[in-house]
Number of protein chains: 2
Amino acid sequence: MAKDSAKGATEARISTAQRIEIALLEDIAIGALEPGQRLEEVNIAARFDASRTPVREAFSRLTAQGILVQGERRGVFVAQYSREELSQIFEAMHEIEAACARIASQRLNLLTRAEILSAQAECIAAAESGDRAAYLRANEAFHQAIYDATGNPYMAEIASEFRRRTGPFRAKKFARREDLIASAKSHQALIDDIFSEDSLTAAQGMRAHMTASFMQALKAN
Amino acid sequence: MAKDSAKGATEARISTAQRIEIALLEDIAIGALEPGQRLEEVNIAARFDASRTPVREAFSRLTAQGILVQGERRGVFVAQYSREELSQIFEAMHEIEAACARIASQRLNLLTRAEILSAQAECIAAAESGDRAAYLRANEAFHQAIYDATGNPYMAEIASEFRRRTGPFRAKKFARREDLIASAKSHQALIDDIFSEDSLTAAQGMRAHMTASFMQALKAN
DNA sequence: GTCCACTATTTTGTATACAAAATCGTTTGT
DNA sequence: ACAAACGATTTTGTATACAAAATAGTGGAC
């Protein structure tokens, strides 16, 4: 009965394969694993003190999501994109984010407004203290709050997927404290557009935000 | 040198896991595997005369794509959606398809126009002969041709993914020959809108097409 | 007769073993 | 000296074995 009441509420028992998948995702998001880097099954297995089997399962799932790619020859690699490919991925993400903003603006309620504002407050706090890692987390939470405000988990999921794929490239642009503050300020304008509840304004606000984000990502990559 | 010149041009050597993944996808698209149906590793392994290992790999990739879902208890199941969930998936798909149509309308060229028209010709032929399986294939090729016309493989990929996920639910609506002909006719209007090269017209045309598609899917499910 | 508990069976998750394919290095021939 | 080919080593793909968890089935007690 009280078997997992002590632990986090909904924390189900986690398999080794899932643990590896989550850890690899985190490493890629943080930048510990860089785009283009090769991942060998045996290395990863050793690192997690597991056999190759769960590692292969994690690789399968991550390649299916486009986070990892199989090279033409041996090995699995952290996905790496040329300038051209990056532009295409950002274009796709930009379309989805704009759709999310538009839908969210039409369905805002007290809760979703509060959660967007709350996430933004964390962004500002992290930006002012110059805590890069905290800002990266808060920034993701902010965008996630917008996705959630659509009330559509499928839209939210694909938007998140694109964020995971572009994470390593966006992360590089947050080098200095001013970058964080500028980003947080950009959020404020975006919030105004979405909270206007005018869907066109919301979508255009998000397009502007994403275009700026891509410009900076291009500079940093 | 001539090691695979006899076979299909780009057909690389395929692993058992990939073979199983493709076959399962096909079965789900066709309807041989119905939403909600449970898949047991040993059964599938026996069917493909393989061990559980490649089956598990295929399951991993398919669950990562949302084609299969892990039940809360045992087993992996073909994804099944409630009326509400189906509406959310179609909403998301509808947004992405509209974005594809808009972008495609801006980037049309001789080749992409030709391929859209060619796919539509196949749709008409299949519809008139009342060949349901052929129409399903041609219909997918038609939409794929529009995705490809965006020139953005990432947009194309997510659009395809949603099509795969909704395949079983859309397939049911093509019961009679008239359904096929009506669908092909609807394509014609859509082509006109996209070929207008007015992005707003193209997006609205696709929205109309998708809305109609969802209405029929709802009736059939 | 119903409910609970205990056991048995099924099923999943992980490890290991083995075979095949590919890369790398060395050697040999021209 | 350079190229080609052969062999050795690494790495992947698949099979099998084993352990743990969950469900189902059976029996017993009230």
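Please read all numbers here as calculations on a predicted model, not as lab measurements.

(A) View of the protein's contact with DNA strand C. Residues and elements named next belong to chain A. Near DNA strand C, the surroundings consist of 16 residues, among which Ser15, Thr16, Ala50, Ser51 and Arg73 are the closest. Among the elements that take part in the surface near DNA strand C, helix α3 (residues 52-64) stands out by supplying three residues, more than any other. Split into classes, the residues belonging to the surface near DNA strand C amount to three nonpolar, six polar and seven charged.

(B) Structural detail: the sheet that holds strand β2 (residues 68-70) of chain B. Residues and elements named next belong to chain B. Strand order in the open sheet made by the three strands is β1-β3-β2, with antiparallel pairing throughout. Looking at strand neighbours, the two that pair on one side only are β1 (38-39) and β2, the edges of this open sheet. Across the sheet, helix α3 (residues 52-64) touches β2 and β3 (76-78), and the angle it forms with β2 is around 100°.

(C) Structural context of the interface of chain B and chain A. In this assembly, 17 residues from chain B lie in contact with 17 residues from chain A. Of all elements in the fold, only α3, α4 (83-107) and α7 (153-171) of chain B reach the threshold of two or more residues within the side of chain B that touches chain A. When residues in the side of chain B that touches chain A are grouped by element, the largest group, six residues, is from α4(B). By residue class, the composition of the side of chain B that touches chain A is eight nonpolar, four polar and five charged.

(D) Representation of the packing of helix α8 (residues 177-195) of chain B against helix α9 (residues 199-220) of chain B in the model. Residues and elements named next belong to chain B. Packing of α8 against α9 leaves a shortest axis separation of 7 Å and a crossing angle of 160°. When the axis of α8 is compared with that of α9, the two are roughly antiparallel. Considering the relative orientation of α8 and α9, their crossing is left-handed. Across the interface between the two elements, Ser186, Ala189, Leu190, Asp193 and Ile194 from α8 touch Thr201, Ala202, Gly205, Met206, His209 and Ala212 from α9. Tallied by class, residues from the contact of α8 with α9 come to six nonpolar, four polar and one charged.

(E) Representation of the protein's contact with DNA strand D within the structure. All names here are of chain B. Among the 16 residues in the neighbourhood of DNA strand D, the closest are listed as Ser15, Thr16, Ala50, Ser51 and Arg73. It is α3 that provides the largest number of residues to the surface near DNA strand D, a total of three residues. Looking at the surface near DNA strand D residue by residue, the classes come out as three nonpolar, six polar and seven charged.

(F) Looking closely at the relation of the copies chain B and chain A. Between chain B and chain A, the superposition needs a rotation of 180° and an axial shift of 0.0 Å, giving an RMSD of 0.0 Å. Interpreted geometrically, this transformation is the action of a two-fold axis. Residues of chain B ranked by C-alpha distance from the rotation axis are headed by B:Arg61, positioned 2.5 Å from it. When the interface residues of chain B are mapped onto chain A, 100% of them again lie at the interface, so the same face is used by both copies.

(G) Layout of unusual backbone geometry. Residues and elements named next belong to chain A. Phi angles above zero are rare outside glycine, and aspartate 49 is one such case at about 55°. In this structure, aspartate 49 sits in the loop between α2 (41-47) and α3. A residue is classified by how many C-beta atoms lie within 10 Å of it, and aspartate 49, with 7 of them, is exposed.

(H) Fine view of the environment of B:Leu25. All names here are of chain B. Take leucine 25: it is sitting in helix α1 (residues 16-30). Judged by local crowding, leucine 25 falls into the partly exposed class, with 18 C-beta atoms found within 10 Å. Discounting chain neighbours no more than four positions away, the residues touching leucine 25 are Ile67 and Arg164.

(I) Structural detail: α3(B). Here α3(B) spans 18 Å end to end across 13 residues, near enough to the 18 Å set by a 1.5 Å rise per residue. In this fold, the buried residues of α3(B) make contact with α3 of chain A together with α1, α2 (41-47), β2 and β3 of chain B. A positive backbone phi angle near 85° is found at B:Gly66, which sits one or two residues after α3(B).

(J) View of the nonpolar core. Among the nonpolar cores identified, the biggest contains 104 residues, and A:Cys100, A:Ala101, A:Met155, B:Cys100, B:Ala101 and B:Met155 are the most heavily contacted of them. Contact partners of A:Cys100, with chain neighbours within four places excluded, come to A:Ile146, A:Tyr147, A:Thr150, A:Met155 and A:Ala159.

(K) Quick peek at the environment of A:Val69. Residue and element names in this part refer to chain A. Tracing the sequence through the fold places valine 69 in strand β2 (residues 68-70). Sequence separation between valine 69 and glutamate 40 is 29 residues; the distance between their C-alpha atoms is 13 Å. For valine 69, the contacting residues outside a window of four places in its chain are Thr63, Phe77 and Ala79.

(L) Region of the structure containing the confidence of the model for chain A. Residues and elements named next belong to chain A. Of the residues in chain A, 95% reach a pLDDT of 70 or more, and the chain-wide mean stands at 89. When mean pLDDT is compared element by element in chain A, helix α4 (residues 83-107) scores highest at 96, while helix α1 (residues 16-30) scores lowest at 91. Low pLDDT, under 50, characterises residues 1-11; the predicted model gives this stretch one contact beyond four residues in sequence or across chains.

Cut-off values and rules
Residues numbered from 1 in each chain as written. Chains lettered and ligands numbered in written order. Predicted model: local features only at pLDDT ≥ 70, side-chain atom pairs only at ≥ 80, totals over all residues. Near = placed C-beta within 6 Å. Helix = DSSP H or I, 4+ residues; strand = E, 2+ residues; numbered from the N terminus. Nonpolar A, V, L, I, M, F, W, Y, C, P; charged D, E, K, R; others polar. Pairing = 2+ DSSP bridges. Contact = placed C-beta atoms within 7 Å. Axes fitted to C-alpha atoms, helices over the stretch in contact; angles between N-to-C directions. Parallel < 35°, antiparallel > 145°, perpendicular 65-115°, else oblique. Left-handed = near helix turned anticlockwise from the far one by under 90°. Least-squares fit on C-alpha atoms with pLDDT ≥ 70 in both. Buried ≥ 20, exposed ≤ 12 C-beta atoms within 10 Å, placed from the backbone. Expected span 1.5 Å × (residues − 1). Core = buried A, V, L, I, M, F, W, Y, C linked by C-beta atoms within 7 Å. pLDDT = per-residue confidence, 0-100.

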